[in-house]
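Coordinate analysis (summary)
Listed below are the residues making up each chain.
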Amino acid sequence: MKKVLLCCFLLFLTGWCVFAQQTENADFVRAEGAITIHPYKKEITGTVTYFFDVLHPVDSLYIDARNMTFDSVRLNGRKVTFHNSGSRLWITSRFEPSRKNKLAFRYKAAPEKAMYFVGWDTDNAKKQVWTQGQGRYTSNWFPSFDDRKEKVEFDLTVCFDENYKVLINGLLKDTAESDGLICWKYDMQHGMSSYLLALTIGKYDMIRDFSGSGIPLEMYYYPEDKAKSEPTYRYTKRIFDFLETEIGMPFPWQNYKQAPVRDFLHAGMENTTLTLFSDAFMVDSTGYNDMNYLNVNAHEMAHQWFGDMVTARSDKHHWLQEGFATYYALLAEKTVFGEDYYYWKLYRSARKLTERSEKGKDEAVLDPSAGSLTFYEKGAFALHMLREKVGDKIFRKGVRQYLEKHKFGNTVTSDFMDEIEQAGGKNLSVFVDRWLRDTVFPAEEAMASLRKNTFIRTYMALKEGEVPPEEREALLHSDIYYPVKQEIVFQKNADTADVAWNKKRLRSGDLKIRQALALSIDSIPEELRTAFETLLEDDSYVTVENALVKLWMNFPENAPSYLGKTKHTEGDARKNVRMLWLALALSAPSYPSGTEPEVFKAKRQWKEELAAYTSSRYSYQVRQNAFSFLYQMGLMHEEVLENLVRACVHHTWGFAGNCREMLKGLLKNESYVREIQELIPKLGEKEKEFLQGVMPR
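An account of the accompanying structure is given in this report.

The rules we used
Residues numbered from 1 in each chain as written. Predicted model: local features only at pLDDT ≥ 70, side-chain atom pairs only at ≥ 80, totals over all residues. Heavy atoms only, no water. Helix = DSSP H or I, 4+ residues; strand = E, 2+ residues; numbered from the N terminus. Rg over C-alpha atoms; globule rule 2.2 N^0.38 Å. Buried < 20%, exposed > 50% of the residue type's maximum accessible area, 1.4 Å probe, protein only. Contact = heavy atoms within 4.5 Å. Areas by Shrake-Rupley, 256 points an atom, 1.4 Å probe, with all protein chains shown as cover. Lys, Arg positive; Asp, Glu negative; His and termini not counted. Charge placed at Lys NZ, Arg CZ, Asp CG, Glu CD. Disulfide = S-S within 2.5 Å. Pairing = 2+ DSSP bridges. Axes fitted to C-alpha atoms, helices over the stretch in contact; angles between N-to-C directions. Parallel < 35°, antiparallel > 145°, perpendicular 65-115°, else oblique. Left-handed = near helix turned anticlockwise from the far one by under 90°. Nonpolar A, V, L, I, M, F, W, Y, C, P; charged D, E, K, R; others polar.

1. Focus: the overall build of the chain
Regarding its fold elements, the chain presents 26 helices and 23 strands. The globule rule puts the C-alpha radius of gyration for 697 residues at 26 Å, and the 28 Å found for the chain is close to it. By the burial criterion, 54% of the 697 residues in the chain qualify as buried. Long-range contacts, defined here as pairs at least 24 residues apart, represent 68% of the contacts in the chain between residues at least 6 apart. Carbon and sulfur atoms make up 49% of the accessible area of the chain, which amounts to about 31300 Å² in all. Of the side chains in the chain, 92 bear a positive and 96 a negative charge, and the two mean positions are spaced by 3 Å.

2. Re the state of the cysteines
This structure, assessed with the given rule, holds 1 disulfide. Each disulfide pairs two cysteine sulfurs, and for cysteine 159 the partner residue is cysteine 183, the sulfurs being separated by 2.0 Å. Taking the sign of the S-S torsion, about 105 degrees here, the bridge from cysteine 159 to cysteine 183 comes out right-handed. Within this pair, whereas cysteine 159 is found in strand β11 (residues 151-161), its partner cysteine 183 is found in strand β14 (residues 181-187), the two being separated by 24 residues in sequence. Judged by relative accessible area, which is 13%, cysteine 159 ranks as buried. With no disulfide of its own, cysteine 648 has cysteine 659 as its nearest cysteine by sulfur position, at a separation of 5.5 Å. Owing to a relative accessible area of 0%, cysteine 648 belongs among the buried residues under this scheme. Using a relative accessible area of 2% as the deciding quantity, one classes cysteine 659 as buried.

3. A few points about the sheet that holds strand β17 (residues 205-210)
With mixed pairing, 5 strands are arranged side by side in an open sheet as β17-β18-β19-β21-β20. At either margin of the open sheet sits one strand with a lone partner, and together these are β17 and β20 (268-269). Of the strand pairs in this sheet, strand β18 (residues 216-221) and strand β19 (residues 256-261) are connected by 3 bridges, and their pairing is parallel. Paired with glutamate 218 across the strands is lysine 257, a residue of β19. Along the sheet, helix α3 (residues 236-247) contacts β17, β18 and β19; its crossing angle with β18, the most-contacted strand, is approximately 145 degrees. Running over the sheet, helix α4 (residues 294-303) touches β19, β20 and β21 (274-278) and is turned about 135 degrees from β19.

4. Notes on the packing of helix α6 (residues 339-358) against helix α7 (residues 372-390)
The interhelical angle for the contact between α6 and α7, taken along N-to-C directions, is 125 degrees, at an axis separation of 10 Å. Judged on the interaxial angle alone, α7 and α6 are oblique. The crossing of α6 and α7 is left-handed. Where α6 abuts α7, its residues Tyr342, Tyr343, Leu346, Ser349, Ala350, Lys352, Leu353 and Arg356 lie against Leu373, Thr374, Glu377, Lys378, Phe381 and His384. Counted by class, the contact of α6 with α7 contains 7 nonpolar, 3 polar and 4 charged residues.

5. Looking at unusual backbone geometry
Each neighbour pair has its own omega, and for tyrosine 591 with proline 592 the value is 0 degrees, a cis peptide bond. Inspection of the secondary structure puts proline 592 in the loop between α20 (576-587) and α21 (596-612). The backbone phi angle of asparagine 76 is positive, close to 50 degrees, even though this residue is not glycine. For asparagine 76, the location among the structural elements is in the loop between β4 (68-75) and β5 (78-79). Even without glycine at this site, tyrosine 235 takes up a positive phi of about 75 degrees.

See the structure below:
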C-alpha cells in the first residue's frame, strides 16, 4: 500500500513540475485555428495547429483544454500518443531541443463559460456569440494556455452564418463563402496571453477612422443604433492619438476594433486589438450627459500597451495592468474634460480609499488577493504620486524604457520601478514601501497633493462649511467645475427649499445645477411647480426621471400632463424613464382619458409591456429594472415568475444574485411557492437544479 501511495505521490509531483516548467521547456509560438460555431447547439468544432520550439528535453507537453474531445492528433505529421485529462490535452513523446515543431488536432467543445451564446434560445431576441477570457479561461472554448506567461500569435478563421459579422483579434485578411456560411480569416503579428484571445459575432455596422499615426480604428454598433454611434465613440481618435504621444511608444498592434455586446460580464475587456464592452454604454446625445463610454474606452485602449503588450507575470503585480490603465484613462479624459475633472476623479478615489482605511479594511497594491478598488484606483493614485515625485520627464522616460525593454513579455513590479530609478538616478524603495507594499492608504499625503488644485480646495472648504454665503453665490455664477455648484445646491436644499432661490437656479439653464435641483428637492411648493416642470425637457435622463416621479407625487392632479409629456421617452440603457412612466401610468387613476373599456385596454397593454421587459429578449439591465417595478407593484404573475427563475441562473452573476434575492423574498409567501412549483415542468435542468436548493421543504 505504501508503494502505491508513493507512486501516486511521485506521479503527482512529476505532473506538478511539468505544469510549473512548461514555459521553460517549450515555447509555443503560433497557433492556426479553423473553427465553426454552432450557436443553437452551443458547440464548437474545429482544427488547431500549434507551432512550437522545444527548449529542453522533456517527455510530455500539455495544452489547457477544458471538457473537450480530440481526434486526429499528430505531431510533425505523425500520430502521437495523447491523453485527455478533462482539463488538459497531454502529448507524450521524447521531445528533444528543436525548432518549428507542429502539433495538429481536431477538437469539439460545448463551453459552459468563457464563450456565451446570447439570444439563441429566445424568439425575437438579439442573437450574439461573444467571449470573455480573463477570469474565465479561454481554454473553455479554444485549446490554449491558462498560464499568462505563454504568449502565442493566434491566427484564427471562424465560419458562421452569412447574415452575421465575425470579429476576432487581429487584421481581417480574407473572407470566403460556402453553403450559407462565411469564413472570416484574421491575422495577428505578435504573441499574446491566451486570456486575451476573443471573438464576437453579431449584426453590426461600423465607423472606420484612422489614428494620426495611420492605425485603422474600427468602431462597431448595432444597425438600429446608428444615432448612438457618434455619442458613444466620441473622442476615440483623440484619445488614441493622446495615448500614443503620452506613453511615448507607437501602438503595438496592427489595428484596433471595438464592439458592444449584450449582457457582458464587465464594463469592458481589453482583448488584444478587439475591445468588447457592455452595450449599456451605447448612448444617445442625451444619455451621454449622464453616463458615457469615454472612460471605459480610454481604459481598455491603454491596456493595449499595459496588459496586452506587457503582461503582469502574476496576480501580485496585477496593478501593472489595471492601475496603469486607470491612470492613463484619467490622463486621456483630462485632455477632453480638463484638469479639474482629473483631480475630481482622484479625489473621489482618495475618499473611498480613506474610508476603507479608517474601517481597517486596507489592502496593499502588491497583495495578489486585493480587490478592484486597490488594483485600479489605489494603483492609479500611486502612479499619480510617483509622477509628482520624480517629475514628468523622468516618469515618461521610465515608462517608455519599461515598455521597450519588456515588449511582448511578462513583468513584475521591480521591472517597472527599476526603469524609473534608472531614469531619475534615485532610489525609490521608500516610495514602494509606502504606496505599494503598505496596506494603509497615505491619506494625508494624498490630500496634500490634491489640494494643489484650486477646484479641489474650494470643494473641500465647501464640504467643511468654510465658504460664506456671498462666495457661494459667486461660485454658482463662475466657470468652476460643476461638483462645487451641485454641492451648493444639495446643501441649500438639505433642510427646507428656498422657493425664490431655487426658481432663480432653475432659470440658470445650467444642466448640472438643474440636475442637482431635481435630485435634492422632494417637496415642491406650488410657487415652484411651473419652473420645476421645465426639468422634464432637460437633456438628462437622470433629471427627467427624478423630475417626473417628484412632480407626480406632489401634484397628482396634473399626472395626465406629466405622463403626456414623457410618453415617448425611453431613457438610458435600463429604459429608466419608460419603466417609471409605465409604473406611474398604471397607478394614475385619471390616466388615460376615455371610456372604461378604452382605459382598461390601455392599462392591460402597459402591464403586458412591463412584464415583457423581464424576458431574455432584453438586456439584463432592462430586465432587472422591470423585475424591480413589478415586484414593488405586486404584479409577479406566471410569465414574470418564470422569467425570474430563469434569470436566477443567468451568466451575469450580479444580475442573477439580485434575482435570487427577489425570489427568496417571494418564497416566503405560500401562494408564490405554489405558483413556482407549477412552473417546474417548463424549466430546463439548470433552473430545476437551482430551485431544488431554494424551495421550502
